[in-house]
Every structure is written in structure tokens, then in C-alpha cells.
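# Summary of structural features
Each chain, letter by letter, is given below.
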Amino acid sequence: MPKITAILPNHHKIEYELKSGVNRLGRNPKNDLQLLEASVSGFHCELFQNSGTIVVKDLGSRNGTYIDGKKIDRSILLPGHVLQLGKVEIRLEGAVAHVAVPQMETKAEEWTAFLPDGSAACLNHRDVMATLRCKKCERTWCESCVRILKKLDGSLLYFCNECSGPCLKIEDNTMIIKKKSWMQSIFGKKTSSSRR
């Protein structure tokens, strides 16, 4: 169970183990932790503890409830934070869990997107010729790597598994990327060389 340590203005320390559920703090003896300090309200705040998570709720106290100098109505209290009730400082004790993730070296496997004959390769099957190209992401695939939708007229529609964009059959697999002229790249349409 998590513990809190209350430090009164006279440097007197009170340790309290938080129970599961609601823990009330204040000057009134009916609280779970009674803090005999004039700056603390009768029913100052509640600390709700569930599986190590502590939520602090101010109960309309006269001097307010603060975490690390910021006034709160409701907030999470973490180890290392300072909870301030009037002139009383409260610290949450407990070990902070550190999770260590091991470093793994990965070598990027080298391969080209083209087969030795110059045709495009499927990105999933590196030794298989790609027959489809996604219009959206420009990736190349074989027919077993795309989603296929059969229309009522019997024709097929192909969709990319990566981006869900439509895929088109590759006509000339050795020349997938068509180079745009510099005018097309600027204006986005084909230009003719004749003037009117």
C-alpha cells in the first residue's frame, strides 16, 4: 500500500498508509488522517487510492489544495509530488516503477524494388513480379497482396492493403514511373507546344 508523509509547520512528521478507496484528510477527528493545524480545513480533501493510483479531490477547503504549487480541484498525485494543505506538506512515498526496454540492433535487409529483368517486384514477395500499383501510395503488389472486390458485372476492383487506395494493373512493368515535364510539374496538366 502507498504511504504518505505529512510534515507539519513545527517539522513534526506523520506517516499514513493509504487504504484502498477514499482516505479523508483534515482537522476534524472524523477524518482518516487528522491534521491538527489551523490552516487545514475540517474536511480538507480526499485521496482516492486504487491499485497504486492516487486521485486528490479538494472538498471546498478554505486555503485550497495544491500539488507542486498549483491549485487543484481534482488531480492525480504521483511519487515526488508535493501536496500542500494549508501549511502542511504531504509527500507520497513509494518507489517509482522504471521499465527497462532492451536495445535491439536491427539490420535493414537490403533489397531492391525491382527484379533482375527490370520489372517491379511485389513489396511482400520480393521475387514475384508486381502486377498492380496503388494510385494513392504508389506501392507495387502482386494480386495475392491486395484486396479484391468483384463487381456485379464480373469485373474486379483492386485495393491496397496498406492505404486502402485503388490499385491499377501495371501495363508496362519495366516503366512504372512516367517522368513529367517541368511544365506539367508546375501547372499540373499537359501543355501543348503550339500557340493560339
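The structure contained in this document is the topic of the report that follows. (Residues numbered from 1 in each chain as written. Predicted model: local features only at pLDDT ≥ 70, side-chain atom pairs only at ≥ 80, totals over all residues. Heavy atoms only, no water.)

Looking at where Ser61 falls in the secondary structure, it is placed in the loop between strand E6 (53-58) and strand E7 (65-67). Given a relative accessible area of 11%, Ser61 falls into the buried group. In this structure, Ser61 is in contact with Ser41 and His44, ignoring residues within four places of it in sequence. (Helix = DSSP H or I, 4+ residues; strand = E, 2+ residues; numbered from the N terminus. Buried < 20%, exposed > 50% of the residue type's maximum accessible area, 1.4 Å probe, protein only. Contact = heavy atoms within 4.5 Å.)

Once that is clear, we can look at the pattern of salt bridges. Applying the stated criterion across every chain, the model contains 6 salt bridges. Glu143 is paired through a salt bridge with Lys169; the nearest N and O atoms lie 2.5 Å apart. You can see Glu143 sitting in the loop between strand E13 (140-141) and strand E14 (146-150) and its partner Lys169 sitting in strand E16 (residues 166-169), a full 26 residues away along the chain. Relative accessible area serves as the criterion here: at 40%, Lys169 is assigned to the partly exposed category. (Salt bridge = Lys/Arg side-chain N within 4 Å of Asp/Glu carboxyl O.)

The strand order E13-E12-E16-E15-E14 describes an open sheet built from 5 strands, whose pairing is antiparallel. Edge positions in the sheet fall to E13 and E14, since each of these pairs with one other strand and no more. Pairing between strand E12 (residues 132-134) and E13: 2 bridges, direction antiparallel. If you follow Arg133 over to E13, its bridge partner there is Thr140. (Pairing = 2+ DSSP bridges.)

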